[in-house]
Amino acid sequence: MTELSTVRHPRRTRATYVRRAIVLAYLFFLVVWPVSLVVIHTFSDGNHLVAALQDPVVVFALQMTVVVAFWAVIINTVFGVGMSLLLVRYEFPGKGLLNSLLDLPLSVSPVVIGLALLLAYGPRDGTFAPLLGAIDFQVIFSVPGIIMATAFVSLPLVIREIVPVLQEVGTEQEQAARSLGAGGWQTFRRITLPSIRWALVYGVVLSLARSLGEFGAVKIVSGNITQQTQTATLVVEDKYLEFERGAAYATSFLLTLIAVAALVIVTILRPKEKK
């Protein structure tokens, strides 16, 4: 009797189907149904999407969100790859503490993060206010502060995708490349980067989705100034509270569409790359 013939698949019982039904119902009522309501309201009673794209406040906020998300993702990609290599490839005092601190943005409320940045970089009472004033550089209530807050809250996402892959890959191929005369950058480009490419892509997508949807920290550090420091999530709140709910639905739909599309594209392409 071969090994394949002895493999038994778990028997599907009534409890199995009950558990599946519970999970599907949970996902439906928590995720699918609420998100579908946003889509329904966006295109009900006329096309609110077209009207929102003609609103200069919404257009500015969307442009601001794209700029902020772009730079936040770039920062987290560069920092995430470097920090992942540091955590996996090197031993140093305080490594465990550093590894724990990297999860801080996921465990602390974004509002607290925004307040902390305000206390550090505020234009009047901030710790670095004299230095920033001397060089005439404003962080809080400006684009740099929004980028900083957005990058902070999405900081661990790239790192937590790359670190397990680096640990699984090991160092044998990198050591072989160095023994053949490859330099550090050449080894990274030809050996390390291809081995972590999908982890990096997925981490970037998660960071992008998180950056697009950030609200609490951004509201604190931006000042929520219309057509100056207002991002799309802040516009959603303002439009909804001002009873311009069509614009709020449409903006929410666009943010959701971008995030979901990025995740779907990566999910579709990733198995093909492995074949």
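Reading guide: rules and limits
- Residues numbered from 1 in each chain as written.
- Predicted model: local features only at pLDDT ≥ 70, side-chain atom pairs only at ≥ 80, totals over all residues.
- Heavy atoms only, no water.
- Phe/Tyr/Trp six-rings, centres within 6.5 Å; stacked < 30°, edge-to-face > 60°.
- Helix = DSSP H or I, 4+ residues; strand = E, 2+ residues; numbered from the N terminus.
- Expected span 1.5 Å × (residues − 1).
- Buried < 20%, exposed > 50% of the residue type's maximum accessible area, 1.4 Å probe, protein only.
- Arc of directions from axis to C-beta.
- Contact = heavy atoms within 4.5 Å.
- Salt bridge = Lys/Arg side-chain N within 4 Å of Asp/Glu carboxyl O.
- Core = buried A, V, L, I, M, F, W, Y, C linked by side-chain atoms within 4.5 Å.

Another point: the packing of aromatic side chains. For the coordinates displayed, the defined rule picks out six aromatic pairs. Considering the side-chain rings of Phe28 and Phe29, the 5.1 Å spacing of their centres and the 85° angle between planes classify their relative orientation as edge-to-face. Both rings, one in Tyr121 and one in Phe128, keep their centres 5.3 Å apart while their planes meet at 20°; by these two values the pair is stacked. Among the aromatic residues, those joined into a ring-pair cluster are Phe28, Phe29 and Trp33.

Moving on: helix 7 (residues 110-121). Here helix 7 is twelve residues long and its end C-alpha atoms lie 16 Å apart, about the 16 Å a rise of 1.5 Å per residue gives. Those residues of helix 7 that fall on the buried side of the exposure criterion are Ile113, Gly114, Leu117 and Ala120. For helix 7, the buried positions fall inside an angular range of 125° around the axis, keeping them on one side. Looking at the buried positions of helix 7, the neighbouring elements they touch are helix 6 (104-107), helix 9 (143-153) and helix 13 (216-222).

This next bit is on the pattern of salt bridges. Tallied over the full model, the rule gives six salt bridges. The closest approach of N and O atoms between Glu244 and Lys239, which form a salt bridge, is 3.0 Å. Take Glu244: its relative accessible area is 35%, and that puts it in the partly exposed class. By relative accessible area, Lys239 is classed as buried at 7%. If you follow the salt bridges from partner to partner, you end up with Asp55, Lys239 and Glu244 in one network.

A few words now on the nonpolar core. Counting 16 residues, the largest nonpolar core has Val81, Leu87, Leu102, Ile159, Ile162 and Leu166 as its most contacted members. Those elements that place two or more of their residues in this core are helix 4 (56-89), helix 10 (155-169) and helix 12 (184-213). Of all the elements, helix 10 adds the most residues to this core, at six residues. Leaving out residues up to four positions away in the same chain, Ile162 has contacts with Val81, Ser84, Ile196, Ala199 and Leu200.

Shape is all these values report; function is a separate question.
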